[in-house]
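Spelled out from the first residue to the last, the chains are:
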Amino acid sequence: GDWSSDVCSSDLVPGKITEARTGVATGNLETVRQAVHPIKASASNVGAHAVRNLASQIEQLAGEAKGETIPALLQDLEAAYALAATQLREQRAQL
């Protein structure tokens, strides 16, 4: 799907971040990895590089079972996503 429309019409990314947090809380890093993977792909499609890079980093750490820094990275991911979503909405409003 086109992430720029998803940003406004769905809670895909916040939902996936919530899934990832649940995975961290339960120690299930595979859940974390699966949750952030679609965020990475979607962010690439719309040029949200900060979001993509953070999702990629989290996915890699989860795959390597290095969960210590993931909660802080998820916070960064949430902030980067909020910023990207706002920017996309503003770009759309100007069309």
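Let me begin by describing the structure that accompanies this report. (Residues numbered from 1 in each chain as written. Predicted model: local features only at pLDDT ≥ 70, side-chain atom pairs only at ≥ 80, totals over all residues. Heavy atoms only, no water.)

1. Let's talk about the packing of helix α2 (residues 12–26) against helix α3 (residues 29–46)
- Packing of α2 against α3 leaves a shortest axis separation of 7 Å and a crossing angle of 160°. Taken together, the axes of α2 and α3 are roughly antiparallel relative to one another. The two elements α2 and α3 cross, and the hand of that crossing is left-handed. Of the residues in α3, those touching α2 at Leu 12, Val 13, Lys 16, Ile 17, Glu 19, Ala 20, Gly 23 and Val 24 are Leu 29, Thr 31, Val 32, Ala 35, Val 36, Pro 38, Ile 39 and Ser 42.
- For the contact of α2 with α3, the class distribution of residues is 11 nonpolar, 3 polar and 2 charged. (Axes fitted to C-alpha atoms, helices over the stretch in contact; angles between N-to-C directions. Helix = DSSP H or I, 4+ residues; strand = E, 2+ residues; numbered from the N terminus. Parallel < 35°, antiparallel > 145°, perpendicular 65-115°, else oblique. Left-handed = near helix turned anticlockwise from the far one by under 90°. Contact = heavy atoms within 4.5 Å. Nonpolar A, V, L, I, M, F, W, Y, C, P; charged D, E, K, R; others polar.)

2. As for helix α4 (residues 49–63)
- In this model α4 runs 21 Å from its N-terminal to its C-terminal C-alpha over 15 residues, within 8% of the 21 Å that 1.5 Å per residue would give.
- Taken together, the buried positions of α4 are Val 51, Leu 54, Ala 55, Ile 58, Glu 59, Leu 61 and Ala 62. Within α4, the buried residues cover an arc of 165° as seen down the axis, which keeps them to one side. For α4, the exposed residues set more than 90 degrees away from the buried face come down to His 49 and Gly 63.
- The elements touched by buried residues of α4 are α3 and α5 (70–93).
- One or two residues past the end of α4 sits Ala 65, with phi positive at roughly 60°. (Expected span 1.5 Å × (residues − 1). Buried < 20%, exposed > 50% of the residue type's maximum accessible area, 1.4 Å probe, protein only. Arc of directions from axis to C-beta.)

3. Things to note about the packing of α3 against α4
- Contact geometry for α3 and α4: axes closest at 8 Å, N-to-C directions at 155°. Taken together, the axes of α3 and α4 are roughly antiparallel relative to one another. By crossing handedness, the relation of α3 to α4 is classed as left-handed. Note on element contacts: α4 touches α3 through Val 51, Arg 52, Ala 55, Ser 56, Ile 58, Glu 59, Ala 62 and Gly 63, opposite Leu 29, Val 32, Arg 33, Val 36, His 37, Ile 39, Lys 40, Ala 43 and Ser 44.
- Looking at the contact of α3 with α4 residue by residue, the classes come out as 9 nonpolar, 4 polar and 4 charged.

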